[in-house]
Amino acid sequence: EKAFAGGDVQPVVTYLANSLVVGSGDAERKIPYSTITGIDSLAGVGPLADDEITLNRWAADDLAAKVGDTVTVNYYEPESTHGVLREHRPPLRLRLAHIVELEQDGQPTAAADPHLTPELPGVTNQDSISDWDLPFELVEKIRPQDEDYWDQYRTTPKAFVSLATAKRLWSSRWGTISLLRIPMPAGETASAVGQITKKLAAQLQPADLGMTFLPVKQLGLAASSGTTPFDALFLGFS
């Protein structure tokens, strides 16, 4: 964000929920493994209060949800302790404030955007949810309609919350923001991408990311050279 301070840059936080649930008992309906995006402004999504959620049309229909319903979000804590995953307790309960369409007049809406989720090799490039290469086992049941959604919409979020809510829930020592959306001038995409690349290269400092580069080979050679003048040592022994 620092590289584009003062510009029209849109931060996004996207997280994986273990399940979205509406209702209880025999009336409970559940969707497994859905991406949820925290964003401040997106057509049809909000604005959202910190206790509200938006579902896309597919998710709302699958959950038989209507505006005003409570949506329960189950998810793992952003950081594990000794490698042990822990589901957040109590689960997050939010009021359904909006239902956003995925298509309008035959065209995808702003919410039907798989690029709201950053690329993750082993996951976003897989043909099936069952093939996801994750550091934990998929325990929720994957239904045929979930695979159909993946085939058609890929990582398009099924739900949206406010950016403040996403930051509060899903920040970790590694950071918070999943991606930054930068508007492209019409008809100037290639040149704009080049300018942005140069700007990032000039602003990104490895030290800011906790990285330090060392001349390992030179340090190793210097360490192995020793400091004892063996010619003087042998002369002394003689």
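*Asks:* Hey, could you run me through helix 2 (residues 144-153) in this one?
*Replies:* One turn of the α-helix equals 3.6 residues, which is why residues spaced by three or four share an orientation. By the burial criterion, the buried members of helix 2 are Asp146, Glu147, Tyr149, Trp150 and Tyr153. Taken end-on, helix 2 shows its buried residues confined to a sector of 155°, consistent with a single buried face. Of the residues in helix 2, the exposed ones pointing more than 90 degrees away from the buried face are Pro144, Asp151 and Gln152. Two residues or fewer past helix 2, arginine 154 is found with a positive phi of approximately 55°.

*Asks:* Honestly, helix 3 (residues 163-170) in this entry has me stumped. Any pointers?
*Replies:* Here helix 3 has its buried residues at Leu163, Thr165, Ala166, Leu169 and Trp170. Seen along its axis, helix 3 keeps its buried residues to an arc of 160°; they face one direction. Structurally, helix 3 contributes buried residues whose contacts are with strand 1 (10-22), strand 2 (29-38), strand 5 (92-100) and strand 8 (159-161).

*Asks:* It is not clear to me how the pattern of salt bridges should be interpreted in this structure. Could you clarify?
*Replies:* Between side chains of opposite charge, pairing is possible as soon as their charged atoms come close. All told, the structure shown has 11 salt bridges when counted by the stated rule. Put simply, glutamate 87 and arginine 89 hold a salt bridge, and the shortest N to O gap is 2.9 Å. The exposure class of glutamate 87 is partly exposed, given its relative accessible area of 25%. Judged by its relative accessible area of 52%, arginine 89 falls in the exposed class.

*Asks:* When you look at the environment of alanine 64 in this model, what are you seeing that I'm missing?
*Replies:* Tracing the sequence through the fold places alanine 64 in the loop between helix 1 (57-62) and strand 4 (70-74). A relative accessible area of 52% places alanine 64 in the exposed class. Put simply, alanine 64 and valine 22 are 42 residues apart on the chain and 7.9 Å apart in space, counted from C-alpha to C-alpha. Other than its neighbours up to four places away in sequence, alanine 64 contacts Arg29 and Asp69.

*Asks:* Looking at this structure, how should I read a negative patch on the surface?
*Replies:* Among the surface-exposed residues, Asp127, Asp131, Asp148 and Asp151 lie close enough to one another that they form a single negatively charged patch. As for its position among the elements, aspartate 127 is in the loop between strand 7 (107-108) and helix 2. The class of aspartate 127 is exposed, set by a relative accessible area of 64%.

*Asks:* What's the story with the nonpolar core in this structure? I'm lost.
*Replies:* One recurring pattern in soluble globular proteins is that nonpolar side chains are buried together. In this structure, Leu20, Ile36, Ile53, Leu55, Val73 and Trp170 are the most contacted members of the largest nonpolar core, which totals 30 residues. Broken down by element, the residue count for this core peaks at 5 residues, all from strand 1. Those residues in contact with leucine 20, other than ones at most four positions away along the chain, are Arg29, Lys30, Ile31, Ser34, Ile36, Leu55, Leu63, Thr72, Val73, Lys158 and Ala159. Judged by nonpolar contacts, the second largest core, of 11 residues, contains Val12, Leu42, Val45 and Leu116.

Rules and cut-offs
Residues numbered from 1 in each chain as written. Predicted model: local features only at pLDDT ≥ 70, side-chain atom pairs only at ≥ 80, totals over all residues. Heavy atoms only, no water. Buried < 20%, exposed > 50% of the residue type's maximum accessible area, 1.4 Å probe, protein only. Helix = DSSP H or I, 4+ residues; strand = E, 2+ residues; numbered from the N terminus. Arc of directions from axis to C-beta. Contact = heavy atoms within 4.5 Å. Salt bridge = Lys/Arg side-chain N within 4 Å of Asp/Glu carboxyl O. Patch = residues over 30% accessible without salt bridge, like charges linked within 9 Å, V, L, I, M, F, W, Y side chains within 5 Å. Areas by Shrake-Rupley, 256 points an atom, 1.4 Å probe, with all protein chains shown as cover. Lys, Arg positive; Asp, Glu negative; His and termini not counted. Charge placed at Lys NZ, Arg CZ, Asp CG, Glu CD. Core = buried A, V, L, I, M, F, W, Y, C linked by side-chain atoms within 4.5 Å.

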